[in-house]
There are 2 protein chains.
Amino acid sequence: MSTDPLIVFTPSGKRGHFAVGTPILTAARQLGVDLDSVCGGRGICSKCQITPSYGEFSKHGVTANADALSEWNAVEERYKSKRGLKQGRRLGCQATVQGDIVIDVPPESQVHRQVVRKAASARAITMDPATRLYFVEVEEPDMHSPTGDLERLERALKEQWQIAGITAELSLLSKLQPVLRKGKWQVTVALHADHRGGTAKVIEIWPGLHEAGLYGLAIDLGSTTIAAHLTDLDTGAVIASSGLMNPQIRFGEDLMSRVSYAMMNPGGDTDMTRAVRDALNELVGSIAEEGGIDPSLIVETVFVCNPVMHHLLLGLDPVELGQAPFALATSASLTLPAHDLDLTTMNPRAQVYILPCIAGHVGADAAAVALSEEPGKSEDLVLVVDVGTNAEILLGNTEQVLACSSPTGPAFEGAQISSGQRAAPGAIERIEINPETKEPRFRVIGSDIWSDEDGFAEATASTGITGICGSGIIEAVAEMRMAGLLDDSGLIGSAAQTGTARAVPEGRTHAYLIHDETATGGPRITVTQGDIRAIQLAKSALYAGARLLMDEMGVDRVDRVVLAGAFGAHISTKHAMVLGMIPDAPLDKVTSAGNAAGTGARIALCNIAARAEIERVVREITKVETAIEPRFQEHFVAANAIPHKTDPFPELAKIVTLPQCRFNTNSGDDGGGRRRRRRA
Amino acid sequence: MSTDPLIVFTPSGKRGHFAVGTPILTAARQLGVDLDSVCGGRGICSKCQITPSYGEFSKHGVTANADALSEWNAVEERYKSKRGLKQGRRLGCQATVQGDIVIDVPPESQVHRQVVRKAASARAITMDPATRLYFVEVEEPDMHSPTGDLERLERALKEQWQIAGITAELSLLSKLQPVLRKGKWQVTVALHADHRGGTAKVIEIWPGLHEAGLYGLAIDLGSTTIAAHLTDLDTGAVIASSGLMNPQIRFGEDLMSRVSYAMMNPGGDTDMTRAVRDALNELVGSIAEEGGIDPSLIVETVFVCNPVMHHLLLGLDPVELGQAPFALATSASLTLPAHDLDLTTMNPRAQVYILPCIAGHVGADAAAVALSEEPGKSEDLVLVVDVGTNAEILLGNTEQVLACSSPTGPAFEGAQISSGQRAAPGAIERIEINPETKEPRFRVIGSDIWSDEDGFAEATASTGITGICGSGIIEAVAEMRMAGLLDDSGLIGSAAQTGTARAVPEGRTHAYLIHDETATGGPRITVTQGDIRAIQLAKSALYAGARLLMDEMGVDRVDRVVLAGAFGAHISTKHAMVLGMIPDAPLDKVTSAGNAAGTGARIALCNIAARAEIERVVREITKVETAIEPRFQEHFVAANAIPHKTDPFPELAKIVTLPQCRFNTNSGDDGGGRRRRRRA
């Protein structure tokens, strides 16, 4: 048995004997303990902080005396006085072992620390990003043994970090020489590792120790909205979230109308590509400002998007995606430099990772949902519905996973809705209609107070009441149905039919008035017949897609439903079920996963192994094509009604069904027109 | 023993038994016989043409009957009637074996055919370019088993050509879908193989069988001139050669003045980079036009250049190359897409290969000379001198190779010479001066007739006599020395001192008048004292570099000398030795290798294995730095004179040495001024 001191690391429990004088960092590395270090043990980065424990630890069979570690040294003192060091902490590269000891590695000193996701499922992400920092000391040039600066940097990385080889773009090469000299041959490089085994790439280089961190963006590029999360690649923390409307909307509101635009207008695809890239550049600038960081510190970006967005982002004509057999130019994941996508406001050498597409209608966003919600790891049969302009639908369990997408249109995101708006302060997000009085009460984003409660006016004074967001419109339509303001075909009754003055004439149909400030020059917020039609089409498409997958699998019910989407965190599952958006399931088995696609993007951003995993998972998913499937049309037509069903929500008042079921249906049916256009 | 028919292939001698009905192409592949095919045996590319031989071949032990191959078939007939097929030829993919047969593979059907170099050494280049054509049939998309078009192309290449994997740029991806459909799922791709083992890259794609060939450029990017050879990547033939002046000359005539320009002017390096890239784009356009090809068929370019040109081409600030320790940003070879260098007139996805640099003063051009002249494979000690604005000097044998470079300035290229011009029709390239009469006779580029022969006026009527090129000025100075017009310090004597009216006053010094058309408004061509000084400085630098390498190796003579350079094919070795450009060697051991750097570039262009070879060779070369070596200065000063030596050329009249050795030397010494500027 060794007489060398025993070191026990917690929480890993790894242990070993080491010669007196061995630095704790060295011991940790030899044992494979997850202890971070950027400077390679030079006492300048402080990433290797550890907490020694003294005393008797019967659990570990260790008695640690006060002199079990070397004395506090000058390097630690300098670091503590300059930057501060928590009580009880030591630097693992400075403290050396003198006797038996228990060493705790605090979470922030672990390379592969875990980040708890905010989403309901609360699974953790293990930090292991593709791009990491390495501090190196590079040999100075010697004209008698001439080699290039890059080759000496490569050698230093090999000797000091065991990195096999590197590549660098010309733009990096052009700053290499001045930075090496400014740093007096000590530099920090950001290296991007290829998860498919290629050579590591130098993304950035700084003189001396770089302490401003590295950041990444997880971007959910939707047809209607673009949502981005700025993430600290060291801690995994989301330091800013931002979104904007997809400017391609001016070329067509849904995917097929954008494909049509590309087909009908020479160069139309290029125009759309430029529009989205410009918007992304703007988004990068604003999110970096919001996060208080230099945008050049953004060295990684992960995109999830549907196939049409995917092609338009890449500058590929989406025309083949508009017709059977819906062939993608490429379905595999992509890793490419940001400048290839004209993304110039982040670090131009930032590496972009785009998740693989599942099929011509089932994109990288669906792959991201699969990565986040892991239906293939579910024991019970789960239906995952990602609600967006295009809905991505996954059905599966450990045995099989099916996927399809369904063209819901942008209504669920508040677009194509007369008083619709995106989810922002002032937007109505919750609404209830009293089935007796037909009077509404609502809440707006930015305030917790209902409109019929005291202090509502004060609470909304700064934002006003500006419109209805996606979750608000779903509740409004469901509430209107439950309050007897709609028949099961979705027609709004007149004031005479419904018995409320809030049913106001609107052209040849009626609208339900929620809020009216026109007297004081403010907005007038209604739900029109066109709005109802748009929601009906959207929910029918969603429902039909889910039913189609159930048919394929030969089941007529699912064990649980996960609702996701850009507004997934806000959607009311009970209203979604009243509306018939999703197949019936026990209400307690319907959960909301928030922006699962965005979460999938974050996972791929923070953990390089997740990229290989989703690439494998996507190959195993069975794709179902809705566009040519007659049963999809059948389900779609059948799902158009908003039938009266047994009230699943006893806390709500009894649903009143209108006796008059035949309103005039020769009304302006906006939704049907849109539908025909999309199918044309 | 097999009863299957025996096939003997010539010239390889490979042989084997194959079942009746085996296509000759299949047999060739199984035996490893070098038989080309682009279409993979589909009878459409005709690359696999073979010549069967019938009769008794005792040498091969084969008797081939007339029915030893299958009958001429419809595919061959269609090919012959459409494209023509030489008498006796068959298509190897169509003709099948029926009995014993001898099959000759003609040179044009060999993949690795050999191309005889035009240079004196006449070594052959084996064709094995990095970029090759592959015809493939790609599976059509199936929406029930969705994969991207790129993934199906990848699978086709794997199944039909055993290619492991491919990558493609976005610009290629954007044309993939229309080309696949236009070619009805049959396409030809140009694939670039990475000699370091990376994944093959799709450079271009054409519908159906691409028959317009592939081309490459070998470019010698000199400080003064840029020379390019347009090469057929199938046959290795040079189909056009073109050159132009390096436009960077306006920023500084020699390398160090360009480095100074970059140091003194913010953005100066960028200006020079833009200038050379613009010139290259222009050169690509003109050489493609000259060769009668579409410039987008240029899919490969190899560059050789000195380190300063190397950095300026790459967009790297050359400032570190202007001061010890002369650190390169990168010394390794580079493979990058043409668009990274803004080379947009060739195929934008063309791959550029830049040879490795040997040291901060010894560039990729010296590496190319090493690849072409192979001093490391020489049994005797060879000195290779590549004469340009910077001279690259190699000294070695199988045991060791040393390299250095020497700043000769552009005088040898006709620049900084009062009547100098680049080698073009009308330039004086050969000159003799009668030592008795001091009268000159000369020849100009574009005519074989000497100026004192009948018909000279008519022969030069179209070009005129416009100036003196690099090889002409070397002959002029050597001839002036041999005719007694110069003393050994290089001073031109007056008319009184030399006894000829051609020694005309020029400022405070004299000039030698070669040709005068001023009476008719034409040019007046002289060699001035400034010209002599420029040549003296250039030749001293060259000589000192060679001597320094000899010192390093501990020798005071070499076995043979190879003179190379942009004008290497034209340089007169005897005049070079009279001038003292190179150390003494037996005249028959002094050979001219033409543009060895350009030849090295061509070798690397045509043969991918040569890239790996030169990368290995460069690592083994010992670098000698002239700039800080005191002995270089000593050799330089000592070499400044043009001493009287024993006439090595008995066919010339006896050299007259002037008795007057002390002319007034307070003359306008242009060369010295230049020298000081360069060293500043």
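These figures come from a predicted structure and were not determined experimentally. (Residues numbered from 1 in each chain as written. Chains lettered and ligands numbered in written order. Predicted model: local features only at pLDDT ≥ 70, side-chain atom pairs only at ≥ 80, totals over all residues.)

Student: Help me understand the overall build of chain A, please; the structure alone is not making it clear to me.
Tutor: Assigned secondary structure in chain A consists of 17 helices and 31 strands. Whereas a compact globule of 680 residues would reach a radius of gyration of roughly 26 Å, chain A reaches 29 Å, a difference of no more than 12%. Based on the C-alpha atoms only, the size of chain A along its principal axes is roughly 90 × 60 × 55 Å. Counting all 680 residues of chain A, 54% fall into the buried class. If you take every contact in chain A between residues at least 6 apart in sequence, the share linking residues at least 24 apart comes to 68%. (Helix = DSSP H or I, 4+ residues; strand = E, 2+ residues; numbered from the N terminus. Rg over C-alpha atoms; globule rule 2.2 N^0.38 Å. Buried ≥ 20, exposed ≤ 12 C-beta atoms within 10 Å, placed from the backbone. Contact = placed C-beta atoms within 7 Å.)

Student: Sorry, what's going on with the sheet that holds strand 30 (residues 590-594) of chain A here?
Tutor: Backbone hydrogen bonds hold the strands of a sheet together, and the pairing may be parallel or antiparallel. Residue and element names in this part refer to chain A. Judged by pairing direction, the sheet is mixed, and its six strands sit side by side in the order 30-29-20-21-22-31 without closing on themselves. Only two strands of the sheet have a single partner each, and these edge strands are strand 30 and strand 31 (622-623). Across six bridges, the pairing between strand 21 (residues 391-396) and strand 22 (residues 401-406) is antiparallel. Across the sheet, the residue bridging to Ala391 is Ser406, located in strand 22. (Pairing = 2+ DSSP bridges.)

Student: How do you make sense of the domain arrangement of chain A when you look at a structure like this?
Tutor: Much of the literature gives interface size as the accessible area that the parts lose upon coming together. Residues and elements named next belong to chain A. Taken domain by domain, chain A consists of domain 1 (6-109), domain 2 (130-207), domain 3 (219-366), domain 4 (369-410 + 534-638) and domain 5 (416-523). Placing the centre of domain 4 and that of domain 5 at their C-alpha centroids yields a distance of 29 Å. Domain 4 puts 13 residues into the contact, and the matching count from domain 5 is 15 residues. Counting only elements with at least two residues in the side of domain 4 that touches domain 5, the list comes to helix 12 (529-553) and helix 13 (573-579). In terms of residue count, the dominant contributor to the side of domain 4 that touches domain 5 is helix 13 (four residues). (Domains from an automatic or database assignment.)

Student: Mind showing me how you'd approach the relation of the copies chain A and chain B here?
Tutor: Both copies of the chain are related through a single rotation about an axis accompanied by a shift along the same axis. Structural alignment of chain A on chain B gives an RMSD of 0.1 Å, achieved by rotating through 180 degrees and translating 0.0 Å along the axis. One copy is carried onto the other by what is essentially a two-fold rotation axis. Residues of chain A ranked by C-alpha distance from the rotation axis are headed by Gly198 of chain A, positioned 4.0 Å from it. A shared binding surface is used by both copies, with 100% of the interface residues of chain A retained as interface residues in chain B. (Least-squares fit on C-alpha atoms with pLDDT ≥ 70 in both.)

Student: What should I look at first to understand the confidence of the model for chain A in this one?
Tutor: Interpreting fine coordinate detail is not advised for predicted regions of low pLDDT. All names here are of chain A. Summary statistics for chain A give a mean pLDDT of 87 and a share of 92% for residues scoring 70 or more. Ignoring residues within four places in sequence, the model shows residues 116-122, a span with pLDDT below 50, making 15 contacts including any to other chains. Note on residues 645-680: pLDDT is under 50 here. Beyond four places in sequence and across chains, it has 57 contacts. The ipTM for the predicted assembly is 0.80, set against a pTM of 0.80. (pLDDT = per-residue confidence, 0-100.)

Student: I tried to follow the nonpolar core on my own but got confused; where do I start?
Tutor: Across soluble globular proteins, nonpolar side chains show a tendency to be buried alongside one another. Counting 352 residues, the largest nonpolar core has Ala367, Val385 and Ala403 of chain A together with Ala367, Val385 and Ala403 of chain B as its most contacted members. Those residues in contact with Ala403 of chain A that sit more than four places away from it in its chain are Ile358, Val362, Ala366, Ile393, Leu394, Ile621, Lys623 and Val624 of chain A. (Core = buried A, V, L, I, M, F, W, Y, C linked by C-beta atoms within 7 Å.)

Student: Explain the interface of chain A and chain B to me, please; I cannot follow it from the model alone.
Tutor: With 35 residues of chain A at the interface, the matching set in chain B holds 35 residues. Secondary structure elements with two or more residues in the side of chain A that touches chain B: helix 3 (149-161) and helix 4 (170-182) of chain A. A total of five residues in the side of chain A that touches chain B trace back to one element, the largest contributor, which is helix 4 of chain A. Residues that form the side of chain A that touches chain B fall into these classes: 18 nonpolar, nine polar and eight charged. (Nonpolar A, V, L, I, M, F, W, Y, C, P; charged D, E, K, R; others polar.)

Student: How should the sheet that holds strand 26 (residues 503-506) of chain B be read in this particular structure?
Tutor: Residues and elements named next belong to chain B. Strand order across the open sheet formed by three strands is 26-27-28, with antiparallel pairing between neighbours. If you trace the sheet from one side to the other, it starts and ends with strand 26 and strand 28 (524-528), each paired once. The mean inter-strand angle of the sheet, taken between neighbouring strand axes irrespective of direction, is 45 degrees. Relative to strand 27 (residues 509-516), strand 26 is paired through four bridges, and the arrangement is antiparallel. Residue Val504 lies in a different strand from strand 27, and its bridge partner there is Ala511. Of the strands in this sheet, strand 26, strand 27 and strand 28 touch helix 12 (residues 529-553), which is tilted by about 55 degrees from strand 28. (Axes fitted to C-alpha atoms, helices over the stretch in contact; angles between N-to-C directions.)

Student: Just to check I follow, could you spell out helix 1 (residues 24-31) of chain B for this structure?
Tutor: In an α-helix there are 3.6 residues to a turn, and that puts residues three or four apart on one side. All names here are of chain B. When we look at burial in helix 1, the residues that qualify are Ile24, Leu25, Ala27 and Ala28. Projected onto a plane normal to the axis of helix 1, the buried residues spread over an arc of 160 degrees and lie on a single side. Buried residues along helix 1 sit in contact with strand 1 (6-10), strand 2 (15-17), strand 3 (49-53) and strand 7 (101-104). Looking one or two residues beyond helix 1, the residue adopting positive phi is Gly32, at roughly 75 degrees. (Arc of directions from axis to C-beta.)

Student: Would you explain the environment of Glu154 of chain A in this entry?
Tutor: Residues and elements named next belong to chain A. Among the secondary structure elements, Glu154 is positioned in helix 3. Its 25 C-beta neighbours within 10 Å are what place Glu154 among the buried residues. For the pair formed by Glu154 and Pro643, sequence separation is 489 residues and the distance between their alpha carbons is 68 Å. Setting aside its immediate chain neighbours within four residues, Glu154 contacts Gly165 and Ile166.

Student: Which parts of the structure should I look at to understand helix 3 (residues 149-161) of chain B?
Tutor: Residue and element names in this part refer to chain B. An ideal rise of 1.5 Å per residue puts 18 Å on 13 residues; helix 3 measures up with 17 Å between its terminal C-alpha atoms. All buried positions along helix 3 are accounted for by Asp149, Leu150, Arg152, Leu153, Glu154, Ala156 and Leu157. Looking one or two places after helix 3, you find Gln162, whose phi comes out positive at around 55 degrees. (Expected span 1.5 Å × (residues − 1).)

Student: Hey, could you run me through the pairing of strand 21 (residues 391-396) of chain B in this one?
Tutor: All names here are of chain B. Within strand 21, six of the six residues are buried, which leaves the element mostly enclosed by the surrounding structure. A two-sided burial pattern is seen for strand 21, the buried positions comprising Ala391, Ile393 and Leu395 on one face and Glu392, Leu394 and Gly396 on the other. As defined by bridge partners, strand 20 (residues 382-387) adjoins strand 21 across five bridges and the pair is classed as antiparallel. Considered in strand 21, the bridge of Val382 is made with Gly396. The antiparallel pairing of strand 20 with strand 21 creates a hairpin that spans three residues between the two strands.

Student: I keep staring at the environment of Asp254 of chain A and nothing clicks. Help me out?
Tutor: Residue and element names in this part refer to chain A. Within the secondary structure, Asp254 sits in the loop between strand 16 (238-245) and helix 5 (255-264). Residue Asp254 is classed as buried on the basis of its C-beta count, with 24 C-beta atoms lying within 10 Å. With 136 residues separating them in the primary sequence, Asp254 and Asn390 have C-alpha atoms 8.0 Å apart.

Student: Is there a simple way to explain the environment of Tyr134 of chain B in this structure?
Tutor: Residue and element names in this part refer to chain B. Within the fold, Tyr134 resides in strand 10 (residues 131-137). Along the backbone, Tyr134 and Asp487 are 353 residues apart, and their C-alpha atoms lie at a distance of 66 Å. Aside from chain neighbours lying at most four places away, what touches Tyr134 is Val38, Leu157, Trp161, Thr188, Val189 and Leu191.

Student: Is there a simple way to explain the packing of helix 5 of chain A against helix 6 (residues 268-291) of chain A in this structure?
Tutor: Relative placement of two packed helices is described by the angle separating their axes and the distance separating the axes. Residues and elements named next belong to chain A. As a packed pair, helix 5 and helix 6 sit with axes 6 Å apart at the nearest point and diverge in direction by 130 degrees. Taken as axis vectors, helix 5 and helix 6 run oblique relative to one another. Facing helix 5, whose interface residues are Arg258, Tyr261, Ala262 and Met264, helix 6 presents Gly268, Asp269 and Met272. When its residues are assigned to classes, the contact of helix 5 with helix 6 shows four nonpolar, one polar and two charged. (Parallel < 35°, antiparallel > 145°, perpendicular 65-115°, else oblique.)

Student: Could you clarify how one ought to interpret unusual backbone geometry in this entry?
Tutor: Negative phi characterises most residues that are not glycine, and trans characterises most peptide bonds. The omega angle of the peptide bond from Ala324 of chain A to Pro325 of chain A is 5 degrees, so this bond is cis rather than trans. Its location among the elements puts Pro325 of chain A in the loop between helix 7 (307-314) and strand 18 (334-337). At Ser46 of chain A, a residue that is not glycine, the phi angle is positive and equals roughly 65 degrees. Take Ser46 of chain A: it is sitting in the loop between helix 1 (24-31) and strand 3 (49-53). Its identity is not glycine, yet Gln162 of chain B carries a phi of approximately 55 degrees, on the positive side. In this fold, Gln162 of chain B is placed in the loop between helix 3 and strand 11 (166-168).

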